[in-house]
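Close look at the chain arrangement
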Amino acid sequence: MKNLTPLLISCVLLFGAAACADDTARTDPAAPAPGQVGEVPTAEDRQTSLEDSQSQVRRDQLDADIRAREERNLAAGGDITDRTAEDLASEVRSKLEANIPDGLLTVDATEEGTVTVSGTVKNQDQLSKIEPLAQEINGVNDVIVNAVVAPPQG
């Protein structure tokens, strides 16, 4: 029985990791693949995304996500700027989602702190917010904005 327990736990962890193969940080499930602009969303799609992302529950989740990542990194003895690419992308995604709630953005990051943001936003004001918001996250050294302005269709 003692030998079986670690085996079962290992299998659960292995299958769980395999199920999370697409760990791309996205501000919305409809956001395009990394490096792609994607299709222009309809007005209805934008409204649905906006309502979901602006709820108080979602904003609380985003704030808690950022705080938890920073606390976990510090508790593990790491420097706040020493994070994995996935962690960095996720934290930038949370920051963008909280401040550009109806954008359809995908965030990709490297270990060196370069963050690439792709996708669409509804106006120039939102597009100009991407770089400064991403720079607010500790560990971000460079931001490449490949997003474009694409007002909702119809």
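For the structure itself, look to the data block above.
Quick caveat, the model's predicted, so the values are computed rather than measured.

**Focus on the pattern of salt bridges**
Under the definition given, this model contains three salt bridges. Here Lys95 ties to Glu136 by a salt bridge, and the two come within 2.8 Å at their closest N and O atoms. One end of the pair, Lys95, is in helix H4 (residues 85-99); the other, Glu136, is in the loop between helix H5 (124-135) and strand S4 (142-149), and 41 residues separate them in sequence.

**Re the pairing of strand S2 (residues 104-109)**
The element S2 is extensively covered by neighbouring structure, given that five of its six residues are classed as buried. By the bridge criterion, six bridges tie S2 to strand S3 (residues 114-121) in an arrangement that is antiparallel. Counted as the bridge partner of Thr106 is Ser118 from S3. If you look at the hairpin formed by S2 and S3, you'll find four residues sitting between the two strands, and Gly113 has a positive phi there, around 95°.

**Things to note about the side chain of Asp87**
By the secondary structure assignment, Asp87 is in helix H4. Looking at Asp87, the relative accessible area reads 13%, which means it is buried. Setting aside residues up to four positions removed in sequence, Asp87 forms contacts with Arg69 and Arg72.

**Points about the packing of H4 against H5**
Where H4 contacts H5, the two axes come as close as 9 Å, and the packing angle between them is 135°. As judged from the angle between their axes, H4 and H5 are oblique. By crossing handedness, the relation of H4 to H5 is classed as right-handed. Along the contact surface, H4 presents Val92, Lys95, Leu96 and Asn99, while H5 presents Lys129, Ile130, Leu133 and Ala134. Among the residues forming the contact of H4 with H5, the class breakdown is five nonpolar, one polar and two charged.

**Some remarks on the pairing of S4**
As paired elements, S3 and S4 share eight bridges and run parallel to each other. The residue of S4 that forms the bridge with Val117 is Val145. For the crossover from S3 across H5 to S4, the handedness is right-handed.

The rules behind the values
- Residues numbered from 1 in each chain as written.
- Predicted model: local features only at pLDDT ≥ 70, side-chain atom pairs only at ≥ 80, totals over all residues.
- Heavy atoms only, no water.
- Salt bridge = Lys/Arg side-chain N within 4 Å of Asp/Glu carboxyl O.
- Helix = DSSP H or I, 4+ residues; strand = E, 2+ residues; numbered from the N terminus.
- Buried < 20%, exposed > 50% of the residue type's maximum accessible area, 1.4 Å probe, protein only.
- Pairing = 2+ DSSP bridges.
- Contact = heavy atoms within 4.5 Å.
- Axes fitted to C-alpha atoms, helices over the stretch in contact; angles between N-to-C directions.
- Parallel < 35°, antiparallel > 145°, perpendicular 65-115°, else oblique.
- Left-handed = near helix turned anticlockwise from the far one by under 90°.
- Nonpolar A, V, L, I, M, F, W, Y, C, P; charged D, E, K, R; others polar.
- Right-handed = clockwise from strand over helix to strand, strands pointing away.

These figures capture arrangement, not role.
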